[in-house]
Amino acid sequence: MNPLRGGWLILLSLVGAMVLAVARVDAGPDWLAWLRPDWAIAVMFYWGVAAPSRVGPMSAWVAGLFFDVLLAGPLGLTGICLAFATYIAKRLEERLSLYTLWQQMAVVLGIALVIGLVKRTVLFLLDLEWSTWGVFGPALTTSLVYPAVAFVLSMAARRVELQGLSGQLGRAP
Amino acid sequence: MASLFGARQAQVRPLLLGLTLASCVLLGIEKAGLGWLLPVRSVLATMVVPVQYVAESPHIAMDHLIEFFSARSRLMRRNASLERELLMARSETARTDAILAENDRLRELFNLPARLPDDLLIAELIEVIPDPTRYEIVVDKGGAHGVAVGQAVIDSAGVFGQVVETTPLTGRVLLVTDPSHAIPVQVIRSKVFAIASGGGKGPHLLDNPPVTTDIVAGDNLVSSGLGRRFPRDYPVGVVTRVVKDPTQQYAQVVWEPSAELARSRLVLVVLGGRQDAEPSTDAVAEIGD
């Protein structure tokens, strides 16, 4: 009735993040491309907080490989970024449940900034153009969309009765 | 607090360390350009093809919707104009065929190998790599359709780019405007050879043409075929600005690609390159004339 004890929802959310990560926006000015949120971080961070027993650095790393091929980036880069995001989410799980929405967004902003910096640095070392906007833009928008991501995923998780939701954060933020 | 997390951390830390190491090894292989990861990439990329289609589906659906809801009169107008274009193109082709035949006879006189016609394959765009510092697209034709790394990609207006990676079902194309891309070109008017580099967002420049080079704004650039990666004589771009400072050794020549890079959804992959057996002789012959 509920395949993978609701784990299919986690897989589905990752596929959703992949679709949003490459969805094409034709209209609008060029700089809009710098404001594309890092959906993978938002989704993996949320699951790290809300269902820490279901996701871990290993699964995040494997999921990252798919993002890497999709974005035609170097293999292993998104993986390690997501693994750290999940690790931090799991460590902060209990503390985050006491945080207000603003504080949670600030945490996501911090994580996304560090990850963005690491990503752009690695890409720069792999002979891609450096871009400061590529660090700040996605980090900012990731923290802005995080409440929406968390809201949608928490509603869905309760509806499909995902097993292993941590008590307080199964609720909407 | 520390004791609460102690047990879990003990398991997670070595795992995290291991994953970091694994990532570093993978990135190292990538940086070294060894190509060991290509089979892995190919398998993974095949698995994400449905995601690419889903992400592109709004655009595909939009095209169909526009077609569906277009007024009959508009469609008929469009049909008529396309028919006119087809007629023009046909007559042009007929003339080109004659010229090609004549050219082949002339090449025979000079003992040059005959040119083979190019095999073209229509491919449709399914993803634009979202990183704004990169100019790459993914098309829906891959190894299974005969697409291979290094093949040129063109659209109706000119050279689009080249295939840099294939999976059985898809191919990744590096555009001529990518900063890491360069294509050997020839100025039609003066027959000067040059290399046209992509400039990303900024101006696209020719690579260090000497200040005495015969290039003016408005010159058309075609692929020269030197380097044997791109087929010859496809339009590449137009020179838009030439800055010649006599005190400098090199001129600054800005060009614009003629392919409709941001608009074409349909592109052509040139399957069998029009490979000349002796490109050097060929080049000399053309410089001489």
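Keep in mind it's a predicted model, so treat the numbers as computed, not measured. (Residues numbered from 1 in each chain as written. Chains lettered and ligands numbered in written order. Predicted model: local features only at pLDDT ≥ 70, side-chain atom pairs only at ≥ 80, totals over all residues. Heavy atoms only, no water.)

Caption draft 1: Fine view of the interface of chain A and chain B. In this complex, chain A contributes 44 residues to the contact, which on the side of chain B involves 43 residues. Surface buried jointly by chain A and chain B totals about 3800 Å² across both partners, of which 70% is contributed by carbon and sulfur atoms. The tally of links between chain A and chain B comes to two salt bridges. Arg 24 of chain A is paired through a salt bridge with Glu 56 of chain B; the nearest N and O atoms lie 2.5 Å apart. Within the residue set of the side of chain A that touches chain B, elements represented by two or more residues are α1 (7-22), α3 (57-70), α4 (77-96) and α5 (101-125) of chain A. In terms of residues, the side of chain A that touches chain B owes the most to one element, α4 of chain A, which gives nine residues. Here the residues of the side of chain A that touches chain B sort into 29 nonpolar, three polar and 12 charged. (Contact = heavy atoms within 4.5 Å. Buried area = accessible area lost by both parts, 1.4 Å probe. Salt bridge = Lys/Arg side-chain N within 4 Å of Asp/Glu carboxyl O. Helix = DSSP H or I, 4+ residues; strand = E, 2+ residues; numbered from the N terminus. Nonpolar A, V, L, I, M, F, W, Y, C, P; charged D, E, K, R; others polar.)

Caption draft 2: Seen up close, helix α4 (residues 72-109) of chain B. In this model α4 of chain B runs 55 Å from its N-terminal to its C-terminal C-alpha over 38 residues, within 8% of the 56 Å that 1.5 Å per residue would give. Backbone geometry just after α4 of chain B places Asn 111 of chain B at a positive phi near 60°. (Expected span 1.5 Å × (residues − 1).)

Caption draft 3: Broad picture of the packing of aromatic side chains. Within this structure, the stated rule accounts for four aromatic pairs over all chains. Each ring, one from Tyr 46 of chain A and one from Trp 47 of chain A, has its centre 5.3 Å from the other, and the planes form 65°; the classification is edge-to-face. For the pair Tyr 46 of chain A and Trp 47 of chain A, one class covers both residues: buried. For the pair Phe 68 of chain B and Phe 69 of chain B, a centre-to-centre distance of 5.1 Å together with 90° between the ring planes defines the contact as edge-to-face. Taking relative accessible area as the criterion, Phe 68 of chain B reaches 66% and is therefore assigned exposed. (Phe/Tyr/Trp six-rings, centres within 6.5 Å; stacked < 30°, edge-to-face > 60°. Buried < 20%, exposed > 50% of the residue type's maximum accessible area, 1.4 Å probe, protein only.)

Caption draft 4: Structural context of the packing of α4 of chain A against α5 of chain A. All names here are of chain A. Following both chains from N to C, one finds α4 and α5 inclined at 160°, their axes separated by 11 Å at the closest point. Looking at the two axes, α4 sits roughly antiparallel to α5. As for how α4 packs across α5, the hand of that crossing is right-handed. Note on element contacts: α5 touches α4 through Gln 104, Val 107, Ile 111, Ile 115, Lys 119, Val 122 and Leu 123, opposite Leu 77, Thr 78, Cys 81, Ala 85, Ile 88, Leu 92 and Leu 96. Class assignment of the residues belonging to the contact of α4 with α5 gives a composition of 11 nonpolar, two polar and one charged. (Axes fitted to C-alpha atoms, helices over the stretch in contact; angles between N-to-C directions. Parallel < 35°, antiparallel > 145°, perpendicular 65-115°, else oblique. Left-handed = near helix turned anticlockwise from the far one by under 90°.)

Caption draft 5: Seen up close, helix α3 (residues 49-69) of chain B. With 21 residues, α3 of chain B should cover 30 Å at 1.5 Å per step; its first-to-last C-alpha distance of 29 Å lies within 8% of that length. Remark: the principal bend of α3 of chain B, roughly 50°, maps to Glu 56 of chain B, with a proline, Pro 58 of chain B, within the next four residues. Within α3 of chain B the residues assigned to the buried category are Val 49, Val 51, Gln 52, Ala 55, Glu 56 and His 59 of chain B. In this fold, the buried residues of α3 of chain B make contact with α1 and α3 of chain A together with α2 (38-47), β1 (120-128) and β2 (136-139) of chain B. (Bend = angle between axes of the 7 residues up to and from the residue.)

Caption draft 6: Local environment of the nonpolar core. Counting residues in each nonpolar core, the largest one holds 67 residues, and the members touching the most others are Phe 45, Trp 47 and Phe 67 of chain A. The residues touching Trp 47 of chain A, leaving out its near neighbours within four places in the chain, are Leu 9, Ile 10, Ser 13, Pro 52, Val 55, Leu 153, Ala 157 and Leu 162 of chain A. Listed in part, the 38 residues of the second largest apolar core include Val 163, Leu 175, Val 185 and Phe 230 of chain B. (Core = buried A, V, L, I, M, F, W, Y, C linked by side-chain atoms within 4.5 Å.)

Caption draft 7: Representation of the pairing of strand β4 (residues 159-166) of chain B. All names here are of chain B. Burial runs high along β4: six of the eight residues are buried. Bridging between strand β3 (residues 152-154) and β4 involves three bridges; their strand directions are antiparallel. Among the inter-strand pairings, Ile 154 is bridged to a residue of β4, identified as Val 159. The hairpin turn running from β3 into β4, its antiparallel successor, is four residues long. In terms of strand pairing, β4 meets strand β5 (residues 171-175) through five bridges, oriented antiparallel. What sits directly across from Gly 161, in β5, is Leu 175. Here β4 folds back onto β5, and the loop between the two strands holds four residues. (Pairing = 2+ DSSP bridges.)

Caption draft 8: Representation of the environment of Ile 188 of chain B within the structure. Residue and element names in this part refer to chain B. The topology assignment puts Ile 188 in the loop between β6 (182-187) and β7 (193-197). Through-space distance from the C-alpha of Ile 188 to that of Leu 221 is 6.1 Å; in sequence the pair is 33 residues apart. If sequence neighbours within four positions are ignored, Ile 188 has contacts with Asn 220 and Val 222.

Caption draft 9: Here's a closer look at unusual backbone geometry. Residue and element names in this part refer to chain B. We note that Asn 208 has phi near 40°; this positive angle belongs to a residue other than glycine. Locating Asn 208 in the fold gives a position in the loop between β8 (204-205) and β9 (220-223). For Asn 208, a relative accessible area of 53% translates into the label exposed.

Caption draft 10: Structural context of the sheet that holds β6 of chain B. All names here are of chain B. Strand order in the open sheet made by the six strands is β7-β6-β9-β10-β11-β8, with antiparallel pairing throughout. Looking along the sheet, the strands with just one partner apiece sit at the ends: β7 and β8. Two elements, strand β10 (residues 235-243) and strand β11 (residues 252-257), share six bridges in a ladder whose sense is antiparallel. Looking across to β11, one finds that Val 243 is bridged to Gln 252.

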